[in-house]
Amino acid sequence: MVSTRIAREDDVYRAVSLVAYMIKDGAFSESDKQSIFISIMEVCRNVVDHAFGSGYLVCDLDERGFTFQCTDKGPGIHDLGKVLAGSYESSRGLGVGLASVKRLMDDLRIYTSDEGTEVFGIKRERRRR
Ligand SMILES: Nc1ncnc2c1ncn2[C@@H]1O[C@H](COP(=O)(O)OP(=O)(O)OP(=O)(O)O)[C@@H](O)[C@H]1O
Ligand SMILES: [Mg+2]
């Protein structure tokens with residue numbers, strides 16, 4: 001299990017390296033690994049960019065595969081529907097981060113309120129092809 005604080009840009013890269021080490025022997029294809037790295041990078045970067053660097057990331061490998069949970073105490077996501085549809089117009093980025101993560105993960109759940117956000121994702125383990 002990996003659990004780490006996400007406060008600054010450096011933490012984003014550190015989180016990706018921790019995850020890379022964690023899944024290196026798992027039954028993930030190269031493209032599944034890339035999907036996981038991109039997803040971790042996007043959700044952690046959102047904490048730095050949009051949630052005052054108030055985040056915490058927990059990742060695990062269990063019978064479901066790779067799971068992550070990224071929680072923060074930021075202001076919440078106001079237009080989650082548009083964000084997930086990829087039609088959100090962002091003032092700070094491309095506005096496609098979370099919509100991509102939704103496509104890259106097998107399951108993505110987001111709980112958000114004005115007290116913070118929790119993003120939970122699963123990538124199932126498959127036999128390497
Ligand atoms: N953890 C968060 N806390 C508060 N708001 C968030 C959080 N994550 C995302 N948001 C809001 O949702 C919007 C869309 O996020 P998304 O990651 O899809 O795009 P982006 O960060 O704007 O741009 P990029 O394409 O560079 O990721 C953000 O612009 C921000 O308003
Ligand atoms: Mg983003």
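See above for the structure.
Notes on the structure follow. Every chain's residues receive numbers from 1 upward, in the order its sequence appears when written. Chain A is the first chain written and ligand 1 is the first ligand written, with later ones labelled in order. Totals for whole chains, interfaces and linings use every residue, but because this is a predicted model, local features are given only for residues with pLDDT of at least 70 and side-chain atom pairs only at 80 or more, for both listing and counting.

1. Focus: the site of ligand 1
Then, in step 1: Throughout this description, a residue near a molecule or strand is one whose C-beta atom, derived from the backbone, lies within 6 Å of it. For ligand 1, the set of nearby residues contains 23 residues, the closest of which are Asn46, Ser90, Gly93, Leu94 and Gly97.
Then, in step 2: We count a stretch as a helix when DSSP gives it H or I for four or more residues in a row; a strand needs E for two or more, and each element gets its number in order from the N terminus. Elements with a minimum of two residues in the shell around ligand 1: α2 (30-50) and α4 (97-104).
Then, in step 3: Considering every element that reaches the shell around ligand 1, the biggest residue donor is α2, with five residues.
Then, in step 4: Polarity classes work like this: nonpolar for Ala, Val, Leu, Ile, Met, Phe, Trp, Tyr, Cys and Pro, charged for Asp, Glu, Lys and Arg, and polar for all others, with Gly in that last group. Of the residues belonging to the shell around ligand 1, the class tally is ten nonpolar, nine polar and four charged.

2. A short note on the nonpolar core
It is characteristic of soluble globular proteins that their nonpolar side chains tend to be buried jointly.
Then, in step 1: For our purposes the nonpolar core covers buried Ala, Val, Leu, Ile, Met, Phe, Trp, Tyr and Cys residues that link as a set through C-beta atoms within 7 Å. Note on burial: count the other C-beta atoms lying within 10 Å of the residue's C-beta; 20 or more is buried, 12 or fewer is exposed, in between is partly exposed, and C-beta positions come from the backbone. With 25 residues, the main nonpolar core has Ala15, Ile40, Cys44, Leu57 and Cys70 as its most contacted residues.
Then, in step 2: Within the residue set of this core, elements represented by two or more residues are α1 (9-23), α2, β2 (55-62), β3 (65-72) and α4.
Then, in step 3: At five residues, α2 tops the list of elements feeding residues into this core.
Then, in step 4: Beyond its immediate chain neighbours, meaning those up to four positions away, alanine 15 contacts Thr4, Ile6, Ile40, Cys44 and Leu57. Placing a C-beta atom from the backbone of each residue, one calls two residues in contact when those atoms lie within 7 Å.

3. Here's the deal with the sheet that holds strand β5 (residues 116-123)
Then, in step 1: Spatial strand order, β1-β2-β3-β5-β4: five strands in an open sheet with antiparallel pairing. Either end of the sheet is taken by a strand with one partner, and the two such strands are β1 (2-6) and β4 (107-113). Neighbour-to-neighbour, the strand axes of the sheet open up by a mean angle of 10°, direction not taken into account.
Then, in step 2: Pairing between β2 and β3: eight bridges, direction antiparallel. Looking across to β3, one finds that leucine 57 is bridged to cysteine 70. A strand pair is defined by DSSP finding two or more bridges across the two strands. In this description, a line fitted to the C-alpha atoms serves as the axis of each element, helices being fitted only across the stretch in contact, and the angle between N-to-C directions of two axes falls anywhere from 0 to 180 degrees.

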